[in-house]
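Architecture and fold: a report
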Amino acid sequence: PFCSPTRAAILTGLFAAKTKVTTYADALSTKHTSFVQKLKDEAGYSTAIFGKWHMAGLPGKPVDYPGMKPKQAGFDFFKGNLHAAINSYWDYDYQVQDANTPADQWRTEPMPTKSLPGIAPTTYAPVVKVADTLEWIKAKEAEDPNKPWFAWMAFNLAHATAKQQPSAMAVPNADTLDAASYKEMKECGGSFGSNNVGSCSGEALMRAMTNSMDTIFGKLLDAVDALDPNTYVIFISDNGTPMYGRPNLDFIDNMYITRKGRGKGTTFESGARVPMVIRGPQIAANTQNKGFAHVADLFSTILELARLTPPKQVSNSDATGSVPLDAVSLAPILFNKAKTVRDPNTGYILTETKNLMTGGTRMVGAQNATYKVVCTESPGNCLFYNMVNDPLEEYPLAKPDSCVDYTNGKWTPKDPQWHYCRLADVVAKDSFLSVDKK
């Protein structure tokens, strides 16, 4: 539901109760196990990340960014921004970690001017990030074509900027837009390459910013294909669309329903469900899978793509012990046409959030193949949905009066009541709403 919890789950293979990153302000402990470190240490990968990090917490007292920095996570190289949001897409901190910086430190450099094929030289952040990524990949290919590399490229698009005036949204550079987006921006009076949005609506700006990202990501794919077509590419977003109640920042949510309170920061599908696309050798093109999966699964999936065996246990937040990995590799879906990688009844994924924008509202979504509970503040205060019949969560199901002895033959997985009790039990025992996790 927010940026930091998503990124922390990918990096560690753990749900938020175990990472203790449930808000956009939380810092990920440096004690956690990172799949990137395993790629580096166990498979000999060169590793780099470009763009938005947002796992070290926020700048402030007593120290800036107290949590895990890229080099502490196993990245050899980092260029981008440690913060949650950049000031604007043409004015931002440009932070670097390389061989000359200790793992817990970084330096700030002037933002550079870069270009891509068909895109003029600019400081526009997404162009700079992709250009930086390609420079590093090309350098690694030139150094040793047989040494594997892993690059994590994180856009800020289409996030609102820290700069609020004249708008927190932006009109992208004209040469990054297709004809439809260019026409829409011109007609509503937006000034290309600026935060001067004219009379453009939030929805129109979101369309243009997303279209710009699509164009620039296409340049990255073209270059990678030319360098090595056997590269695996994973594309994923980190949360649903914002509904902040501010001008141009109160969109129709990403499930295209207009109900308030369902967007970013909530555990409804509108706030958490995003598409993921994976392509590469031996993955059948133009195929889809609708199984239930979690961003944490990328931890194990990427390790298996690198021919490593994912661990069953990983470090907890303070390194006093180990916890079971939540990630499940998606390789059986990618390569063996499996429909799911979790048991459809007893398997589950957890979505957890503490929404600082609504005074700290705590929500958990627990889901299996068919059913989902959305619980607010307490495992006893849940809505219940059939996600197959009602993917927009518009029609809550009746809940059983009691879940006492639900596993003793009262109901079976053929009964909706069993699923409610099972998922509410997961929230009570395994989510950050659990008494044990407070």
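First, a word on scope: everything that follows refers to the structure included in this document. (Residues numbered from 1 in each chain as written. Predicted model: local features only at pLDDT ≥ 70, side-chain atom pairs only at ≥ 80, totals over all residues. Heavy atoms only, no water.)

Turning next to the packing of helix 3 (residues 35-43) against helix 8 (residues 297-305). Between helix 3 and helix 8, whose axes approach to 10 Å, the crossing angle comes to 15 degrees. Taken together, the axes of helix 3 and helix 8 are roughly parallel relative to one another. The chirality of how helix 3 crosses helix 8 is right-handed. Across from Phe35, Lys38 and Leu39 in helix 3, the residues of helix 8 making contact are Phe299, Ile302 and Leu303. (Axes fitted to C-alpha atoms, helices over the stretch in contact; angles between N-to-C directions. Helix = DSSP H or I, 4+ residues; strand = E, 2+ residues; numbered from the N terminus. Parallel < 35°, antiparallel > 145°, perpendicular 65-115°, else oblique. Left-handed = near helix turned anticlockwise from the far one by under 90°. Contact = heavy atoms within 4.5 Å.)

Here the structure, examined in full by the defined rule, presents three disulfides. Two residues share a disulfide in this structure: cysteine 188 and cysteine 200, whose sulfurs sit 1.8 Å from each other. Taking the torsion about the S-S bond as the criterion, the cysteine 188 to cysteine 200 disulfide, at about 85 degrees, is right-handed. Here cysteine 200 lies in the loop between helix 5 (179-187) and helix 6 (202-227) and cysteine 188 lies in the loop between helix 5 and helix 6, a separation of 12 residues in the sequence. Looking at cysteine 188, the relative accessible area reads 14%, which means it is buried. (Disulfide = S-S within 2.5 Å. Buried < 20%, exposed > 50% of the residue type's maximum accessible area, 1.4 Å probe, protein only.)

Strand order in the open sheet formed by five strands is 4-3-2-1-7, with mixed pairing between adjacent strands. Edge strands, defined here as strands with exactly one partner in the open sheet, are strand 4 (107-109) and strand 7 (149-154). Put simply, the sheet's adjacent strands are angled 20 degrees from each other on average, direction ignored. Summarising the sheet, strand 2 (residues 77-81) and strand 3 (residues 94-97) pair through three bridges and their orientation is antiparallel. (Pairing = 2+ DSSP bridges.)

With respect to burial, strand 2 is a largely interior element, five of its five residues being buried. Neither face of strand 2 is left uncovered, since the one carrying Phe77, Lys79 and Asn81 and the one carrying Phe78 and Gly80 both have all their residues buried. Pairing of strand 1 (residues 46-52) with strand 2 involves five bridges; the strand directions are parallel. Within strand 2, the position partnered with isoleucine 49 by the bridge is phenylalanine 78.

Our next topic: the pairing of strand 12 (residues 349-355). Counting buried positions over the seven residues of strand 12 gives six, a clear majority of the element. With seven bridges connecting them, strand 12 and strand 13 (residues 361-367) associate as antiparallel partners. Looking at strand 13, one finds that lysine 354 is bridged to arginine 362. Linking strand 12 to strand 13, which pair antiparallel, is a turn of five residues; within it glycine 359 sits at a positive phi near 80 degrees.

Before going further, it helps to spend a moment on the sheet that holds strand 14 (residues 371-376). With antiparallel pairing, the four strands of this open sheet are ordered in space as 12-13-14-15. Two strands lie at the open edges of the sheet, namely strand 12 and strand 15 (382-386), each paired on one side alone. Across the sheet, the mean angle separating the axes of adjacent strands is 15 degrees when strand polarity is ignored. For strand 14 and strand 15, the ladder comprises five bridges, and the chain directions are antiparallel. Across the sheet, residue valine 373 finds its bridge partner in strand 15, namely phenylalanine 384.

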